[in-house]
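A closer look at the structure
Each chain is listed here by its residues.
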Amino acid sequence: MLYDKREHQPLSALFIIEFPHISSNISDAAKYNIITSQFHRYRRIILCRKDFVYRLAALLGDLSRKQYDMEKMKQQLRRLGHKHPGLYGDCTYTLITEVITELDKLITHG
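Cut-offs applied
Residues numbered from 1 in each chain as written. Predicted model: local features only at pLDDT ≥ 70, side-chain atom pairs only at ≥ 80, totals over all residues. Heavy atoms only, no water. Helix = DSSP H or I, 4+ residues; strand = E, 2+ residues; numbered from the N terminus. Expected span 1.5 Å × (residues − 1). Buried < 20%, exposed > 50% of the residue type's maximum accessible area, 1.4 Å probe, protein only. Arc of directions from axis to C-beta. Contact = heavy atoms within 4.5 Å. Polar contact = N/O pair within 3.5 Å; in protein donor to acceptor, adjacent residues only side chain to side chain. Axes fitted to C-alpha atoms, helices over the stretch in contact; angles between N-to-C directions. Parallel < 35°, antiparallel > 145°, perpendicular 65-115°, else oblique. Left-handed = near helix turned anticlockwise from the far one by under 90°. Nonpolar A, V, L, I, M, F, W, Y, C, P; charged D, E, K, R; others polar.

Before going further, it helps to spend a moment on helix α3 (residues 70-83). Between its first and last C-alpha atoms α3 spans 20 Å; for 14 residues at 1.5 Å apiece the expected length is 20 Å, and the two agree. For α3, the full list of buried residues reads Met73, Lys74, Gln76, Leu77, Leu80 and Gly81. The buried residues of α3 occupy an angular sector of 160 degrees when projected down its axis, which confines them to one face. Facing away from the buried surface of α3 by more than 90 degrees, the exposed residues are Glu71, His82 and Lys83. Buried residues along α3 sit against α1 (28-45), α2 (49-65) and α4 (92-109). One side-chain oxygen of the residue at the start of α3 lies 3.2 Å from the amide nitrogen of Glu71, identifying that residue as Asp69.

Here it is, written out as structure tokens:
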């Protein structure tokens with residue numbers, strides 16, 4: 001499991017801007033490359049497939065709430081999946097599908 005000190009007291013009570021809003025004055029490439037950089041970070045740090053799926057889905061959920069285009073994010077995720085076949089010992093398509101399913105759950109339930 002990846003520990004994030006901002007998820008626990010006292011930092012959870014603070015308003016912390018983690019990623020830029022889609023309307024911020026930086027290039028779209030830089031904004032959407034957040035997905036790439038976090039994907040590689042999670043891939044190196046997280047050993048458990050379930051945790052990887054959850055963290056990646058949570059990232060996409062956060063970006064979605066900041067008005068990032070869902071189809072662009074999914075496309076970026078699929079590209080990353082194709083570049084890293086066999087990640088967590090399974091078909092990349094299955095892993096990406098799990099992330100998208102988890103994302104749908106997060107968006108629907110909370």
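Moving on, we get to the packing of α1 against α2. One way to put it is that α1 packs onto α2 with a least axis distance of 10 Å and a crossing angle of 160 degrees. When the axes of α1 and α2 are compared, the pair comes out roughly antiparallel. In terms of crossing hand, the pair formed by α1 and α2 is right-handed. Contact residues: α1 offers Ile34, Ile35, Gln38, Phe39, Tyr42 and Arg43, while α2 offers Phe52, Arg55, Leu56, Leu59, Leu60 and Leu63. Grouping the amino acids of the contact of α1 with α2 by side-chain chemistry returns nine nonpolar, one polar and two charged.

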